[in-house]
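# Understanding the architecture of this molecule
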Amino acid sequence: MTNKALIRLAIAGIAFCSCQSDSYKIKGYASHLHDGDTIILALEDHQQKILGQTKVSDGNFIMKGVTDTTVFCRAYLNREPLTSISFFLEPGNITIELNPYPTPSRVSGTSLNNEWQGLNDSVQTLGDKLIRLAETTSKTKSYNRQQLQKSIDSLHHKISGCITNTGQRNRNNVLGKYIIDNYKEPDFK
């Protein structure tokens, strides 16, 4: 291969990579949804701002596009908006498992979305424990309620700690900024 051909190949490779650096691909799984169902992609904080839409086919959907910035979005089933997932739309490959409400949906594929899903998993697990304890409190005799209340308070602290620690760990990216800007830690007694 001549130097001239090698230089052309290098330039073509650079051009190809630079064109791809801001593209995203969302590969979605929605096995419980019907063929032809419409999935909407919108900004989370301004849901009237629709970024795209696609149809479910054989339990799958795909969305592709370009974004020059990372934004917090929501993908949802048009006929049932509670069937949804909030995630960070950014360049790269994003995978969504869209489950019918109330089953939680999942996101993965990019480092921000993996971290976001990890936070959601932790809060969900602790929240489920909290709900079970709260249900137990109403059926418990008064002398055990104080111990249950301590356990409930401890879970509240753990949930808050998960959120604030994720925010601090990610303070230099969009996820950390989103948490820091939107989460107010409760005043614990």
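Residues numbered from 1 in each chain as written. Predicted model: local features only at pLDDT ≥ 70, side-chain atom pairs only at ≥ 80, totals over all residues. Heavy atoms only, no water.

### A closer look at the overall build of the chain
- In terms of helices and strands, the chain carries four helices and eight strands.
- Seen in sequence order, the chain has helices and strands lined up from the N terminus as α-β-β-β-β-β-β-β-β-α-α-α.
- Evaluated residue by residue, the chain yields a buried proportion of 34% over its 189 residues.
- If you take every contact in the chain between residues at least 6 apart in sequence, the share linking residues at least 24 apart comes to 48%.
- Accessible surface, the chain as shown: approximately 11,900 Å² in total, 52% of it carbon and sulfur. (Helix = DSSP H or I, 4+ residues; strand = E, 2+ residues; numbered from the N terminus. Buried < 20%, exposed > 50% of the residue type's maximum accessible area, 1.4 Å probe, protein only. Contact = heavy atoms within 4.5 Å. Areas by Shrake-Rupley, 256 points an atom, 1.4 Å probe, with all protein chains shown as cover.)

### Things to note about the confidence of the model for the chain
- Predicted confidence across the chain gives a mean pLDDT of 87, with 86% of residues reaching 70 or more.
- Every residue in residues 15-19 scores below 50 in pLDDT, and together they form zero contacts with partners more than four places removed in sequence or on other chains. (pLDDT = per-residue confidence, 0-100.)

### Thoughts on the pairing of strand S2 (residues 38-43)
- For S2, the tally of buried residues reaches six of six residues, placing the bulk of the element in the interior.
- Where S2 lies against strand S3 (residues 50-55), five bridges are found, and the strand directions are antiparallel. Bridged to Ile40 within S3 is Gln53.
- Hairpin connection, S2 to S3: the antiparallel pair is bridged by six residues.
- Two strands pair when backbone bridges link them, and S2 and strand S5 (residues 71-77) are joined in this way by five bridges, in the antiparallel orientation. Looking at S5, one finds that Ile39 is bridged to Leu77. (Pairing = 2+ DSSP bridges.)

### Describing the environment of Ser105
- Locating Ser105 in the fold gives a position in the loop between strand S7 (92-97) and strand S8 (106-108).
- The exposure class of Ser105 is buried, given its relative accessible area of 8%.
- Placed 12 residues apart in sequence, Ser105 and Gln117 show a C-alpha to C-alpha distance of 9.6 Å.
- Sequence-distant contacts of Ser105, that is, excluding residues within four places in its chain, are made with Ser84, Ile85, Glu97, Leu98, Asn99 and Gln117.
- Of the polar contacts made by the side chain of Ser105, one reaches the backbone oxygen of Ser84; its length is 3.2 Å. (Polar contact = N/O pair within 3.5 Å; in protein donor to acceptor, adjacent residues only side chain to side chain.)

### Observations concerning the packing of aromatic side chains
- Per the counting criterion, the structure on display carries six aromatic pairs.
- Here Phe72 and Phe88 contribute two aromatic rings whose centre-to-centre distance is 4.8 Å and whose plane-to-plane angle is 40 degrees, an arrangement assigned as tilted. With Phe72 in strand S5 and Phe88 in strand S6 (residues 80-89), the pair connects residues that are 16 residues apart, well separated along the chain. With respect to class, Phe72 is no different from Phe88; both count as buried.
- A centroid spacing of 5.2 Å and a plane angle of 85 degrees characterise the contact between Phe72 and Trp116, whose relative ring orientation is edge-to-face. Placement of Phe72 in strand S5 and of Trp116 in helix H2 (residues 111-137) is noted, with a sequence separation of 44 residues between them. Each member of the pair, Phe72 as well as Trp116, carries the same accessibility label: buried.
- Cluster of aromatic residues (ring-pair linked, three or more members): Phe72, Phe88, Trp116 and Tyr178. (Phe/Tyr/Trp six-rings, centres within 6.5 Å; stacked < 30°, edge-to-face > 60°.)

### Description of the side chain of Glu44
- Mapped onto the elements, Glu44 comes out in the loop between S2 and S3.
- For the buried Glu44, no salt bridge exists, and the shortest N-O distance to an oppositely charged side chain is 4.6 Å, to Arg74.
- Apart from residues lying up to four places away in sequence, Glu44 is in contact with Phe72, Cys73, Arg74 and Ser86. (Lys, Arg positive; Asp, Glu negative; His and termini not counted. Salt bridge = Lys/Arg side-chain N within 4 Å of Asp/Glu carboxyl O.)

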